[in-house]
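Examination of the molecular architecture
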2 protein chains.
Amino acid sequence: MRRAHHPATEELSLPEVMAALSDPLRIGLVRVLADGAERGWGELRAPVAKSTLSHHLRVLRDAGVTRTRQEGTRCFVTLRRQDLQTRFPGLVEALLAAAGAEGVGSGVHLAPGGN
Amino acid sequence: MRRAHHPATEELSLPEVMAALSDPLRIGLVRVLADGAERGWGELRAPVAKSTLSHHLRVLRDAGVTRTRQEGTRCFVTLRRQDLQTRFPGLVEALLAAAGAEGVGSGVHLAPGGN
DNA sequence: TTCGTTGTTCGTCGAATATCGAACAAGCTA
DNA sequence: TAGCTTGTTCGATATTCGACGAACAACGAA
(Lines give C-alpha, C1' and ligand atoms only; values in the text may rest on other atoms or scores of the structure.)
Protein backbone atom coordinates (compact mmCIF):
# COMPACT_ATOMS: atom_id res chain seq x y z
CA MET A 1 0.00 0.00 0.00
CA ARG A 2 2.30 2.65 -1.27
CA ARG A 3 1.38 6.25 -0.62
CA ALA A 4 -0.79 7.50 -3.41
CA HIS A 5 0.00 10.48 -5.56
CA HIS A 6 -2.39 13.38 -5.69
CA PRO A 7 -1.97 16.06 -8.35
CA ALA A 8 -1.92 19.62 -7.07
CA THR A 9 -4.86 21.83 -7.90
CA GLU A 10 -2.94 23.63 -10.60
CA GLU A 11 -1.87 20.35 -12.15
CA LEU A 12 -5.35 19.09 -12.88
CA SER A 13 -5.79 18.26 -16.55
CA LEU A 14 -9.16 18.89 -18.12
CA PRO A 15 -9.00 15.97 -20.57
CA GLU A 16 -7.84 13.67 -17.81
CA VAL A 17 -10.63 14.76 -15.50
CA MET A 18 -13.17 14.39 -18.29
CA ALA A 19 -11.87 10.91 -19.04
CA ALA A 20 -12.04 9.97 -15.37
CA LEU A 21 -15.64 11.12 -15.32
CA SER A 22 -16.66 9.25 -18.46
CA ASP A 23 -17.19 5.87 -16.83
CA PRO A 24 -20.58 5.06 -15.26
CA LEU A 25 -19.03 3.36 -12.27
CA ARG A 26 -16.74 6.29 -11.57
CA ILE A 27 -19.62 8.70 -12.01
CA GLY A 28 -21.45 6.60 -9.43
CA LEU A 29 -18.55 6.92 -7.03
CA VAL A 30 -18.53 10.68 -7.47
CA ARG A 31 -22.25 10.78 -6.83
CA VAL A 32 -21.81 8.84 -3.61
CA LEU A 33 -19.12 11.27 -2.52
CA ALA A 34 -21.03 14.32 -3.67
CA ASP A 35 -22.29 15.26 -0.23
CA GLY A 36 -18.75 16.14 0.74
CA ALA A 37 -18.47 13.53 3.45
CA GLU A 38 -15.41 11.38 3.78
CA ARG A 39 -16.21 7.77 3.08
CA GLY A 40 -14.40 4.61 4.02
CA TRP A 41 -13.22 2.43 1.18
CA GLY A 42 -15.08 -0.50 2.66
CA GLU A 43 -18.23 1.52 2.75
CA LEU A 44 -18.34 1.71 -1.02
CA ARG A 45 -20.42 -0.89 -2.80
CA ALA A 46 -20.15 -1.47 -6.51
CA PRO A 47 -20.93 -4.50 -8.68
CA VAL A 48 -17.30 -5.25 -9.53
CA ALA A 49 -14.38 -7.12 -7.99
CA LYS A 50 -12.44 -5.22 -5.37
CA SER A 51 -9.40 -5.02 -7.61
CA THR A 52 -11.57 -3.33 -10.20
CA LEU A 53 -12.96 -0.93 -7.65
CA SER A 54 -9.43 -0.17 -6.53
CA HIS A 55 -8.54 0.55 -10.14
CA HIS A 56 -11.39 3.00 -10.59
CA LEU A 57 -10.60 4.78 -7.37
CA ARG A 58 -7.04 5.09 -8.55
CA VAL A 59 -8.13 6.63 -11.84
CA LEU A 60 -10.19 9.19 -9.96
CA ARG A 61 -7.35 9.89 -7.54
CA ASP A 62 -4.73 10.21 -10.28
CA ALA A 63 -6.94 12.61 -12.17
CA GLY A 64 -7.34 14.66 -9.02
CA VAL A 65 -11.05 14.07 -8.68
CA THR A 66 -10.79 12.44 -5.27
CA ARG A 67 -8.40 12.45 -2.37
CA THR A 68 -7.42 9.37 -0.44
CA ARG A 69 -6.33 9.47 3.15
CA GLN A 70 -4.82 6.49 4.81
CA GLU A 71 -5.29 5.63 8.42
CA GLY A 72 -3.67 2.45 9.55
CA THR A 73 -4.83 -0.19 7.16
CA ARG A 74 -7.91 1.69 6.08
CA CYS A 75 -8.53 4.31 3.44
CA PHE A 76 -10.92 7.20 3.37
CA VAL A 77 -11.98 8.94 0.22
CA THR A 78 -13.29 12.43 -0.40
CA LEU A 79 -14.33 14.36 -3.46
CA ARG A 80 -11.98 17.27 -4.22
CA ARG A 81 -14.94 19.44 -5.00
CA GLN A 82 -13.39 22.78 -4.16
CA ASP A 83 -10.25 22.11 -6.17
CA LEU A 84 -12.31 21.04 -9.15
CA GLN A 85 -14.56 24.05 -8.79
CA THR A 86 -11.52 26.32 -8.74
CA ARG A 87 -10.05 24.92 -11.91
CA PHE A 88 -13.16 23.89 -13.80
CA PRO A 89 -16.03 25.99 -12.46
CA GLY A 90 -19.42 24.37 -12.73
CA LEU A 91 -18.18 21.18 -14.31
CA VAL A 92 -18.78 18.81 -11.41
CA GLU A 93 -22.09 20.47 -10.57
CA ALA A 94 -23.29 20.01 -14.13
CA LEU A 95 -22.12 16.42 -14.14
CA LEU A 96 -23.80 15.59 -10.85
CA ALA A 97 -27.06 17.18 -11.92
CA ALA A 98 -27.08 15.32 -15.22
CA ALA A 99 -26.01 12.03 -13.66
CA GLY A 100 -28.68 12.36 -11.01
CA ALA A 101 -31.37 13.05 -13.57
CA GLU A 102 -30.25 10.14 -15.71
CA GLY A 103 -29.53 7.69 -12.94
CA VAL A 104 -26.02 7.19 -14.23
CA GLY A 105 -23.85 5.22 -11.85
CA SER A 106 -26.73 4.12 -9.68
CA GLY A 107 -25.08 0.74 -9.28
CA VAL A 108 -22.75 2.34 -6.78
CA HIS A 109 -23.95 2.96 -3.25
CA LEU A 110 -22.95 2.93 0.36
CA ALA A 111 -22.98 -0.06 2.66
CA PRO A 112 -26.35 -0.20 4.46
CA GLY A 113 -24.99 -0.23 7.95
CA GLY A 114 -22.65 2.68 7.33
CA ASN A 115 -19.98 0.00 7.70
CA MET B 1 -20.09 8.65 -47.78
CA ARG B 2 -23.02 6.98 -46.13
CA ARG B 3 -25.50 9.12 -44.30
CA ALA B 4 -24.38 9.51 -40.72
CA HIS B 5 -26.39 8.60 -37.69
CA HIS B 6 -27.32 11.24 -35.18
CA PRO B 7 -28.73 10.23 -31.80
CA ALA B 8 -31.94 11.96 -30.79
CA THR B 9 -31.79 14.44 -27.95
CA GLU B 10 -33.31 11.98 -25.50
CA GLU B 11 -30.85 9.30 -26.53
CA LEU B 12 -27.74 11.21 -25.52
CA SER B 13 -25.65 9.25 -23.05
CA LEU B 14 -23.79 11.15 -20.38
CA PRO B 15 -20.81 8.79 -20.19
CA GLU B 16 -20.56 8.74 -23.96
CA VAL B 17 -20.66 12.53 -24.19
CA MET B 18 -18.07 12.81 -21.42
CA ALA B 19 -15.84 10.33 -23.23
CA ALA B 20 -16.23 12.23 -26.49
CA LEU B 21 -15.21 15.40 -24.69
CA SER B 22 -12.17 13.88 -23.00
CA ASP B 23 -9.83 14.19 -25.96
CA PRO B 24 -7.87 17.43 -26.47
CA LEU B 25 -8.39 17.39 -30.21
CA ARG B 26 -12.11 16.89 -29.88
CA ILE B 27 -12.28 19.59 -27.25
CA GLY B 28 -10.52 21.81 -29.76
CA LEU B 29 -13.13 21.02 -32.38
CA VAL B 30 -15.90 21.87 -29.94
CA ARG B 31 -14.19 25.14 -29.15
CA VAL B 32 -13.99 26.02 -32.80
CA LEU B 33 -17.68 25.29 -33.17
CA ALA B 34 -18.62 27.04 -29.95
CA ASP B 35 -19.82 30.22 -31.62
CA GLY B 36 -22.72 28.28 -33.05
CA ALA B 37 -21.76 28.84 -36.66
CA GLU B 38 -21.85 26.00 -39.11
CA ARG B 39 -18.38 25.15 -40.34
CA GLY B 40 -17.23 23.35 -43.41
CA TRP B 41 -15.22 20.17 -42.88
CA GLY B 42 -12.45 21.55 -45.02
CA GLU B 43 -12.32 24.65 -42.91
CA LEU B 44 -11.17 22.66 -39.90
CA ARG B 45 -7.46 22.47 -39.32
CA ALA B 46 -5.92 20.01 -36.91
CA PRO B 47 -2.44 18.48 -36.69
CA VAL B 48 -3.57 14.98 -37.69
CA ALA B 49 -4.20 13.04 -40.88
CA LYS B 50 -7.58 13.62 -42.48
CA SER B 51 -8.65 10.07 -41.72
CA THR B 52 -7.93 10.74 -38.06
CA LEU B 53 -9.86 13.99 -38.17
CA SER B 54 -12.74 12.15 -39.79
CA HIS B 55 -12.61 9.64 -36.95
CA HIS B 56 -12.76 12.31 -34.27
CA LEU B 57 -15.64 14.06 -35.97
CA ARG B 58 -17.42 10.76 -36.09
CA VAL B 59 -16.94 10.20 -32.37
CA LEU B 60 -18.42 13.62 -31.68
CA ARG B 61 -21.29 12.99 -34.05
CA ASP B 62 -22.06 9.53 -32.68
CA ALA B 63 -22.10 10.89 -29.15
CA GLY B 64 -24.52 13.57 -30.25
CA VAL B 65 -22.16 16.46 -29.63
CA THR B 66 -22.18 17.68 -33.21
CA ARG B 67 -24.44 17.46 -36.20
CA THR B 68 -23.20 16.87 -39.72
CA ARG B 69 -25.04 18.05 -42.77
CA GLN B 70 -24.12 16.94 -46.19
CA GLU B 71 -24.39 19.09 -49.25
CA GLY B 72 -23.21 17.54 -52.42
CA THR B 73 -19.74 16.28 -51.72
CA ARG B 74 -19.17 18.60 -48.81
CA CYS B 75 -19.98 18.38 -45.12
CA PHE B 76 -20.90 21.04 -42.66
CA VAL B 77 -20.63 20.62 -38.94
CA THR B 78 -22.44 22.34 -36.08
CA LEU B 79 -22.35 21.99 -32.33
CA ARG B 80 -25.61 20.63 -30.89
CA ARG B 81 -25.44 23.10 -28.10
CA GLN B 82 -29.14 23.39 -27.40
CA ASP B 83 -29.65 19.64 -27.30
CA LEU B 84 -26.73 19.24 -24.95
CA GLN B 85 -27.97 22.08 -22.79
CA THR B 86 -31.37 20.44 -22.58
CA ARG B 87 -30.03 17.12 -21.43
CA PHE B 88 -26.94 18.15 -19.53
CA PRO B 89 -27.45 21.75 -18.43
CA GLY B 90 -24.28 23.74 -18.00
CA LEU B 91 -21.97 20.94 -19.00
CA VAL B 92 -20.77 22.31 -22.31
CA GLU B 93 -20.55 25.84 -20.94
CA ALA B 94 -18.35 24.65 -18.09
CA LEU B 95 -16.20 22.65 -20.47
CA LEU B 96 -15.75 25.54 -22.88
CA ALA B 97 -14.89 27.94 -20.11
CA ALA B 98 -12.33 25.56 -18.63
CA ALA B 99 -10.87 24.62 -22.00
CA GLY B 100 -10.57 28.27 -22.94
CA ALA B 101 -8.81 29.13 -19.72
CA GLU B 102 -6.44 26.19 -20.07
CA GLY B 103 -5.84 26.44 -23.78
CA VAL B 104 -6.93 22.84 -24.26
CA GLY B 105 -7.36 21.93 -27.89
CA SER B 106 -5.65 25.01 -29.20
CA GLY B 107 -4.05 22.92 -31.93
CA VAL B 108 -7.38 23.00 -33.73
CA HIS B 109 -8.37 26.11 -35.65
CA LEU B 110 -10.10 27.36 -38.74
CA ALA B 111 -8.52 27.77 -42.14
CA PRO B 112 -7.19 31.33 -42.43
CA GLY B 113 -9.08 32.29 -45.54
CA GLY B 114 -12.35 30.95 -44.22
CA ASN B 115 -11.81 28.41 -46.99
C1' DT C 1 5.01 -14.01 16.19
C1' DT C 2 1.03 -15.46 13.95
C1' DC C 3 -3.32 -14.29 12.12
C1' DG C 4 -6.88 -11.61 10.01
C1' DT C 5 -8.28 -7.40 7.70
C1' DT C 6 -7.76 -4.10 4.08
C1' DG C 7 -6.53 -2.36 -0.12
C1' DT C 8 -2.93 -2.38 -3.79
C1' DT C 9 -0.42 -4.45 -7.38
C1' DC C 10 0.46 -8.03 -10.84
C1' DG C 11 -0.47 -10.79 -14.79
C1' DT C 12 -3.68 -11.65 -18.10
C1' DC C 13 -7.46 -11.25 -21.35
C1' DG C 14 -10.54 -9.18 -24.70
C1' DA C 15 -12.40 -4.89 -26.24
C1' DA C 16 -11.84 -0.23 -27.42
C1' DT C 17 -8.98 3.84 -29.09
C1' DA C 18 -5.78 6.72 -31.76
C1' DT C 19 -3.21 7.02 -35.70
C1' DC C 20 -1.70 6.52 -40.37
C1' DG C 21 -1.79 5.73 -45.47
C1' DA C 22 -4.29 3.61 -49.08
C1' DA C 23 -8.36 2.58 -51.28
C1' DC C 24 -12.90 3.91 -52.10
C1' DA C 25 -17.44 6.32 -53.08
C1' DA C 26 -20.24 10.23 -54.18
C1' DG C 27 -20.77 14.36 -56.43
C1' DC C 28 -19.22 18.11 -59.35
C1' DT C 29 -16.86 19.65 -63.60
C1' DA C 30 -14.68 19.61 -67.89
C1' DT D 1 -17.06 9.78 -70.00
C1' DA D 2 -13.04 11.10 -67.62
C1' DG D 3 -11.11 13.52 -64.12
C1' DC D 4 -11.14 16.23 -59.65
C1' DT D 5 -12.54 17.15 -54.99
C1' DT D 6 -14.11 15.71 -50.60
C1' DG D 7 -14.67 12.90 -46.90
C1' DT D 8 -15.36 8.08 -45.40
C1' DT D 9 -13.90 3.51 -44.80
C1' DC D 10 -10.48 -0.11 -44.62
C1' DG D 11 -6.71 -2.51 -42.93
C1' DA D 12 -2.64 -2.43 -39.85
C1' DT D 13 -0.38 -1.05 -35.58
C1' DA D 14 0.37 0.37 -31.10
C1' DT D 15 -1.63 1.71 -26.98
C1' DT D 16 -4.91 1.96 -23.43
C1' DC D 17 -8.84 0.38 -20.75
C1' DG D 18 -11.91 -2.46 -17.89
C1' DA D 19 -12.30 -6.64 -15.73
C1' DC D 20 -10.91 -10.63 -13.01
C1' DG D 21 -8.40 -13.62 -9.60
C1' DA D 22 -4.22 -14.29 -7.21
C1' DA D 23 -0.46 -12.69 -4.81
C1' DC D 24 1.26 -9.23 -1.93
C1' DA D 25 2.11 -5.53 1.65
C1' DA D 26 0.90 -2.94 5.70
C1' DC D 27 -1.09 -2.71 9.82
C1' DG D 28 -3.77 -4.12 14.05
C1' DA D 29 -5.08 -7.85 17.07
C1' DA D 30 -4.51 -12.17 19.46
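My aim in this report is to walk through the structure given alongside it, one point at a time. Since the structure is predicted, the reported quantities are computational estimates derived from the model, not experimental observations.

Quick look at the relation of the copies chain B and chain A now. Screw-axis analysis of chain B against chain A gives a translation of 0.0 Å along the axis, an RMSD of 0.0 Å, and a rotation angle of 180°. Accordingly, the operation relating the two chain copies is best matched by a two-fold axis. When the interface residues of chain B are mapped onto chain A, 100% of them again fall at the interface, so both copies present the same face.

Moving on: the protein's contact with DNA strand D. Taken together, the neighbourhood of DNA strand D is formed by 21 residues, with Ala49 and His56 of chain A together with Trp41, Lys50 and Ser54 of chain B sitting nearest. Backbone atoms, meaning sugar plus phosphate, form 65% of the atoms of DNA strand D positioned within 4 Å of the protein. One of the side-chain N or O atoms of Arg26 of chain A is found 3.1 Å from a phosphate oxygen in DNA strand D. Thr73 of chain B is positioned with one of its side-chain polar atoms (N or O) 3.1 Å from a sugar or linking oxygen of DNA strand D. Among the secondary structure elements, those contributing two or more residues to the surface near DNA strand D are α3 (50-63) of chain A together with α3 (50-63) and β4 (74-79) of chain B. The element best represented in the surface near DNA strand D is α3 of chain B, accounting for 5 residues.

Another point: the interface of chain B and chain A. At the junction of the two partners, chain B supplies 20 residues and chain A supplies 20 residues. Counting each side, the surface lost to burial between chain B and chain A is near 1500 Å², with a carbon and sulfur contribution of 76%. Sorting the residues of chain B by area buried against chain A places Leu14, Pro15 and Met18 of chain B first, and these three jointly supply 33% of that buried surface. At the junction of chain B and chain A, the tally comes to 2 salt bridges. Between Arg87 of chain B and Glu102 of chain A there is a salt bridge, with the nearest N and O atoms lying 2.4 Å from each other.

Scanning all chains against the criterion turns up 18 salt bridges over all chains. The salt bridge partner of Asp83 of chain B is Arg67 of chain B, with a shortest N-O separation of 3.3 Å. Of the two residues, Asp83 of chain B is situated in helix α4 (residues 81-87) and Arg67 of chain B in strand β3 (residues 66-71); the sequence distance between them amounts to 16 residues. Exposure remark for Asp83 of chain B: the relative accessible area of 17% places this residue in the buried category. One continuous salt-bridge network, built from bridges that share partners, spans Asp35, Arg39 and Glu43 of chain A.

Residues and elements named next belong to chain A. The sheet built from 3 strands is open, its strands ordered β1-β4-β3 with antiparallel pairing. In this open sheet, the two strands that pair with only one neighbour each are β1 (39-40) and β3 (66-71). Against the sheet, helix α2 (residues 24-33) touches β1, β3 and β4 (74-79), its axis set at about 85° to β4.

It is worth spelling out helix α5 (residues 91-102) of chain A at this point. Compared with the 16 Å implied by 1.5 Å per residue over 12 residues, the 16 Å span of α5 of chain A between its first and last C-alpha is a close match. All of the buried residues in α5 of chain A are Leu91, Val92, Ala94, Leu95, Leu96, Ala98 and Ala99 of chain A. Against the buried residues of α5 of chain A lie α1 (14-20), α2 and α4 (81-87) of chain A together with α1 (14-20), α4 and α5 (91-102) of chain B. Backbone geometry just after α5 of chain A places Gly103 of chain A at a positive phi near 75°.

Right, let's get into the protein's contact with DNA strand C. In the vicinity of DNA strand C, 21 residues are found, and the nearest of them are Lys50 and Ser54 of chain A together with Ala49, Thr52 and His56 of chain B. At the protein interface, 63% of the atoms of DNA strand C within 4 Å belong to sugar or phosphate. One nitrogen or oxygen atom from the main chain of Gly42 of chain A is found 3.4 Å from a phosphate oxygen belonging to DNA strand C. Interatomic distance of 3.1 Å between a side-chain N/O atom of Ser51 of chain B and a base oxygen of DNA strand C. At the level of elements, α3 and β4 of chain A together with α3 of chain B are the ones that each hand at least two residues to the surface near DNA strand C. For the surface near DNA strand C, the element with the most residues is α3 of chain A, which contributes 5 residues. Its residues assigned to classes, the surface near DNA strand C shows 5 nonpolar, 9 polar and 7 charged.

Now for the sheet that holds strand β1 (residues 39-40) of chain B. Residue and element names in this part refer to chain B. Taken in spatial order, the 3 strands make up an open sheet running β1-β4-β3, and their pairing is antiparallel. Each edge of the open sheet carries a strand with a single partner, namely β1 and β3. Here 2 bridges tie β1 to β4, and the two strands are oriented antiparallel to one another. Each residue of the ladder has a partner; that of Arg39, found in β4, is Val77. Across the face of the sheet, helix α2 (residues 24-33) comes into contact with β1, β3 and β4 while running at roughly 85° to β4.

Thresholds, definitions, all that
- Residues numbered from 1 in each chain as written.
- Chains lettered and ligands numbered in written order.
- Predicted model: local features only at pLDDT ≥ 70, side-chain atom pairs only at ≥ 80, totals over all residues.
- Heavy atoms only, no water.
- Least-squares fit on C-alpha atoms with pLDDT ≥ 70 in both.
- Contact = heavy atoms within 4.5 Å.
- Near = heavy atom within 4 Å.
- Polar contact = N/O pair within 3.5 Å; in protein donor to acceptor, adjacent residues only side chain to side chain.
- Helix = DSSP H or I, 4+ residues; strand = E, 2+ residues; numbered from the N terminus.
- Buried area = accessible area lost by both parts, 1.4 Å probe.
- Salt bridge = Lys/Arg side-chain N within 4 Å of Asp/Glu carboxyl O.
- Buried < 20%, exposed > 50% of the residue type's maximum accessible area, 1.4 Å probe, protein only.
- Pairing = 2+ DSSP bridges.
- Axes fitted to C-alpha atoms, helices over the stretch in contact; angles between N-to-C directions.
- Expected span 1.5 Å × (residues − 1).
- Nonpolar A, V, L, I, M, F, W, Y, C, P; charged D, E, K, R; others polar.

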